[in-house]
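# A structural walkthrough
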Amino acid sequence: MHPTRLTAAVAALALSASLATALASTASAAPQAQPVPPGHGRSLALAAADSAAASGLDELRHGADEGLVRTSVTPWANGLYYAAYQRTYRGLPVHGGGDAVVLTDSSGKVRDVTGAPAPAIKVATSAKVTAERALATARGQLAAVESASAPELTVLLKGGKPVLAWHTLVVGTTAADLPSSLDTYVDARTGKVAQATDKVRHAEGRGYHNGNVTIDTAASSMTDTSRGGFKCGGQNGSAYTGSSPWGNGGANDLVTACVDIMYAAQRESDMLKEWFGYNGINGQGGMVPARAGLTQVNAYYDGTKTTYGRNQNGTNQLTGIDVVAHEYGHEIFDRTPGSAGSSNENGGMNESTGDIFGALTEHYANNPNDTPDYTVGEELNFTGNNQPIRNMYNPSLINNDPNCYTQLSSGTEVHAAAGPQNHWFYLLAEGSNPGGGKPSSPICSGGPSSVTGIGIQKAGKIFMGALLLKTSSWNHPAARRATLTTAKNTYGATECNAVKAAWNAIGVPAQSGETDCGGTSTPDFSLSLNPSSGSAEPDTQVTATVSTSTTGGAAQTVQLSASGAPSGVTVSFSPASVTSGNSATMTVKVAAGTPNGTYPITVTGTGSATHTVTYQLTVGSTTPPTGCDSTEYTYRGTLASGQAAAQPDGSYYYSASAGTHVGCLRGPAGTDFDLYLQKWNGAAWADVAVGGTAGADEDTSYYGTAGYYRYVVHAYSGSGAYTLGLSAP
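Residues numbered from 1 in each chain as written. Predicted model: local features only at pLDDT ≥ 70, side-chain atom pairs only at ≥ 80, totals over all residues. Heavy atoms only, no water.

### Examining the overall build of the protein chain
Of regular secondary structure, the protein chain possesses 10 helices and 36 strands. The globule rule puts the C-alpha radius of gyration for 729 residues at 27 Å, and the 27 Å found for the protein chain is close to it. Dimensions along the principal axes, computed over C-alpha positions, put the protein chain at roughly 80 × 55 × 50 Å. When burial is assessed residue by residue, the protein chain has 57% of its 729 residues classed as buried. In the protein chain, of all internal contacts separated by at least 6 residues, the share reaching a separation of at least 24 is 68%. (Helix = DSSP H or I, 4+ residues; strand = E, 2+ residues; numbered from the N terminus. Rg over C-alpha atoms; globule rule 2.2 N^0.38 Å. Buried < 20%, exposed > 50% of the residue type's maximum accessible area, 1.4 Å probe, protein only. Contact = heavy atoms within 4.5 Å.)

### So, the packing of helix α6 (residues 344-365) against helix α7 (residues 419-430)
Interhelical geometry of α6 versus α7 gives an angle of 35° and a closest axis separation of 8 Å. Crossing geometry of α6 relative to α7 is assigned as right-handed. Contact residues: Met349, Ser352, Thr353, Asp355, Ile356 and Leu360 in α6; Gln421, Asn422 and Phe425 in α7. Split by residue class, the contact of α6 with α7 holds four nonpolar, four polar and one charged. (Axes fitted to C-alpha atoms, helices over the stretch in contact; angles between N-to-C directions. Left-handed = near helix turned anticlockwise from the far one by under 90°. Nonpolar A, V, L, I, M, F, W, Y, C, P; charged D, E, K, R; others polar.)

### Examining the pairing of strand β31 (residues 659-666)
Most of β31 sits inside the fold, with six of its eight residues counted as buried. Alignment of β31 against strand β34 (residues 697-704), held across eight bridges, turns out to be antiparallel. The residue of β34 that forms the bridge with His661 is Tyr702. The sheet contact formed by β31 and strand β36 (residues 720-727) spans five bridges and is antiparallel. (Pairing = 2+ DSSP bridges.)

### Brief notes about helix α3 (residues 131-139)
When α3 is considered as a whole, its buried residues turn out to be Ala131, Ala134 and Ala138. Buried residues of α3 fall within an arc of 60° about the axis and therefore sit on the same side. Tucked into the core, α3 has its buried residues touching β8 (161-173) and β9 (179-187). (Arc of directions from axis to C-beta.)

### Topic: the nonpolar core
By size, the foremost hydrophobic cluster in this structure holds 83 residues, and its most contacted members are Phe276, Tyr328, Phe357, Phe425 and Met464. Sequence-distant contacts of Phe357, that is, excluding residues within four places in its chain, are made with Glu268, Met271, Leu272, Phe276, Ala325, Gly329, Ile332, Phe463, Met464 and Leu467. Formed by 36 residues, the second largest nonpolar core is a distinct cluster that contains Leu529, Val569, Phe573 and Val590. (Core = buried A, V, L, I, M, F, W, Y, C linked by side-chain atoms within 4.5 Å.)

### A closer look at the sheet that holds β31
An order of β28-β36-β31-β34 is seen for the four strands of this open sheet, with the pairing classed as antiparallel. Looking at which strands have only one partner, the edges of the open sheet turn out to be β28 (633-639) and β34. Strand-to-strand twist across the sheet, computed as the mean angle between neighbouring axes with direction ignored, equals 15°.

### Let's talk about the sheet that holds strand β22 (residues 557-563)
The strand order across the open sheet formed by five strands is β20-β27-β26-β22-β24, and the pairing between neighbours is mixed. If you trace the sheet from one side to the other, it starts and ends with β20 (533-536) and β24 (577-579), each paired once. The average undirected angle you get between the axes of adjacent strands in this sheet is 30°. Sheet analysis places β22 next to β24, joined by three bridges and oriented antiparallel.

### With respect to helix α8 (residues 456-467)
Over its 12 residues, α8 runs 16 Å from end to end, which matches the ideal 16 Å to within 8%, given 1.5 Å per residue. Judged by how many residues are buried, α8 sits mostly within the fold: 10 of 12 residues are covered. What α8 keeps buried is the set Ile456, Ala459, Gly460, Lys461, Ile462, Phe463, Met464, Gly465, Ala466 and Leu467. (Expected span 1.5 Å × (residues − 1).)

### Some words on the packing of aromatic side chains
Going through the model one piece at a time under the given rule, you end up with 17 aromatic pairs. Between Phe357 and Phe463, the aromatic rings sit 6.0 Å apart at their centres with planes inclined by 50°, giving tilted as the arrangement. Here Phe357, found in helix α6, pairs with Phe463, found in helix α8; they are 106 residues apart in sequence, far enough to count as distant. One aromatic cluster is present, formed by Phe357, Trp424, Phe425, Phe463 and Trp503 through successive ring pairs. (Phe/Tyr/Trp six-rings, centres within 6.5 Å; stacked < 30°, edge-to-face > 60°.)

### Quick look at the pattern of salt bridges
Per the counting criterion, the structure on display carries 20 salt bridges. Residue Arg227 pairs with Asp224 through a salt bridge whose shortest N-O separation is 2.6 Å. Residues Arg227 and Asp224 agree in their burial class; the two are buried. Measuring nitrogen to oxygen at the nearest pair gives 2.8 Å for the salt bridge that ties Asp270 to Arg227. Taken as a pair, Asp270 in helix α4 (residues 254-276) and Arg227 in the loop between β12 (223-224) and β13 (230-233) lie far apart in primary sequence, 43 residues in all. Comparing Asp270 with Arg227, the two get one shared label, buried. In the salt-bridge network here, residues are joined through shared partners; they are Asp216, Asp224, Arg227, Arg267 and Asp270. (Salt bridge = Lys/Arg side-chain N within 4 Å of Asp/Glu carboxyl O.)

### Observations concerning empty space enclosed by the protein
Throughout the structure, instances matching the rule amount to three cavities of 30 Å³ or more. When its volume is computed, the largest cavity comes out at roughly 60 Å³. Along the walls of the largest cavity sit Ala54, His62, Gly63, Ala64, Glu66, Ser532, Thr614, Gln616, Ala640 and Gln643, which together make up its complete lining. For the lining of the largest cavity, the class distribution of residues is three nonpolar, six polar and one charged. As for the second largest cavity, its lining consists of Arg390, Asn391, Pro395, Asp401, Ala418, Gly419 and Asn422. (1 Å grid on protein atoms, 1.4 Å probe; cavity = no way out; pocket = protein on both sides within 12 Å on 5 of 7 lines; lining within 4 Å. Points joined across faces, edges and corners; volume = space filled by probe spheres on them.)

### A look at the state of the cysteines
Working definition of a disulfide: a covalent bond connecting the sulfur atoms of two cysteines. In this structure the tally under the stated criterion is four disulfides. In this model, Cys404 is linked to Cys444 through a disulfide, with the two sulfur atoms separated by 2.0 Å. Between Cys404 and Cys444, the disulfide has an S-S torsion of -95° and is therefore left-handed. Remark: Cys444 occurs in the loop between α7 and α8 and Cys404 occurs in the loop between β18 (390-391) and α7; sequence separation between them is 40 residues. Each bonded cysteine of the protein chain gets a number by its place in the sequence, and the pairs then read 1-2, 3-4, 5-6, 7-8. (Disulfide = S-S within 2.5 Å.)

### Some words on the environment of Gly597
In this fold, Gly597 is placed in strand β26 (residues 597-606). Spatially, the C-alpha atom of Gly597 lies 18 Å from that of Gly67, the residues being 530 residues apart in sequence. Among residues more than four places away in sequence, those in contact with Gly597 are Leu617, Thr618 and Val619.

### Quick look at the confidence of the model for the protein chain
Confidence in the prediction of the protein chain, expressed as mean pLDDT, is 89, and 92% of residues score 70 or more. Note on residues 3-12: pLDDT is under 50 here. Beyond four places in sequence and across chains, it has 25 contacts. Taken as a whole, residues 202-209 scores under 50 in pLDDT and shows 52 contacts with residues more than four places along the chain or in a different chain. (pLDDT = per-residue confidence, 0-100.)

Pasting the structure below:
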């Protein structure tokens, strides 16, 4: 079985209202479909997102051996859903590009798509280097290793070229006794390190106490079971034990340090839920554990934990609200789509994200011992000059850090590179001249004369929503696009225009395709294909449905066209143009003599905007396998590598009584096809039987109670036609 890949791929098939339609093949012989189970809004949103991903809408385009596997879904305000996707190649995860996010709503409309650029992938997928050898190489980068994850075979996109590599995270210390967490890729052909990026994000903070506070712990352990088992302890990783009241209030008492850490982290988690509707720091209600007592002037996040040391003079621990929230801000950046990139600009935006969540948490906690502000480490006295280490309203006041995007270069140190986005956030939250004792903020050359703030809570929600559109190619222009999309869809024109003004004020220019902040909805539409791939022998034809939907403004005329078809293949549409919200039939005719092969065909819809989807045509070898004659019902289809399909006919069936469900899958020779039987549990489809061997054929048998069922066929590796037989009580 392939538990990690298969579970994610099958999850990408969402229930939609269209599944309630009559079954396409021999309705009298098929199990009877029933009304759609509850949860329409979420199901429609995910069905639209999955359809966009499968169809290769705009930035989601992918090759015949590539797939987009849904890895997370985040509900948002106004019935919006962010669905994140990882690219795969012949069943292997692709890192370094090609990841994507689709924003949809509960009516099934696609609001936006973002995708990290990726080249066409063609690489051998058999490793010459063993996982054990790769792990030894990865561990050898550090002087002492605390932990190392099991290597996973991946495709790394490096310098625009694919590299088959073993991926592992190695945590420990360097020869200089510095903490390190190396996100490592070892070339699976040569055994050399292809890429290693240190996930340790250092942030100097202030180490003062928050006074007498309430924290959530177990009765005898500094463990918070309500937030995913979050815990705090010493450098050995074990939670401190004892009982309430925790700590003695001493500046260097480590249990007291954990009180400060847990207080700040729990307030940050609460802020995310209460202000933004986001489920805690890791998006699943939890966060990594914390360790106090590092004997260095440092605090950091390494992907597995946060760690806190002391200040320069050794007079207190670095556990202030903004320091702790900064470190867990790195986890938010790491756990949202796209994770943390390797470029200097991306690193600066990661640091800025920590600063922004530090400011947000201070404002939410509103603790009188640490009044809310927009400076970082202001009480630390880190360098002995009683100065903060970063300033968000005017970054240049500290070490002449850049205020403006145009001041950044590839060599800007990552903490300094936090300046432009920090500056943007302050302008969005407070404005350039907020009054009320709050500091004024300068505007960069070419910007507006002034910026009016919208308040920190709205600004924070827009920023959080934008992080859910993040991809591995995240930079300031991408953040501008994402924050405009989130502002318009979450709030409206006023907030969207404020976001635009703040970006203009720091010198990030307008981007092609960015959201129009106009008070009325900009006319737009989306496209999808069903199916998004097909097979035909020479001198035959195959069809697909091109569906359109109105995503903004009034319905409009969409002209359909196709390009990229090989010689001997013609593509036509009936009708050739549709009013958005309607569909057309695409007919692909394959002439006699057309060479066998797989060909991507680009389908273009042209209206007020232009959108594209991709149809993967396979010519030759389309005869479905046989061997499931003993089952009651038979269904056939064709899948490209990495794709999945629900049966019967993209739908599901209802069994009114208990009994045995029998599934028989016969896939193309030399491939790895898998079969899932799923049952609707009232909220989602759950696997109840799995055929997941490393071959083309699978058989399942499951005795179940009455309910809704469906089969999912997944092409884990390889492409071609399949036959599915099933019997149901």
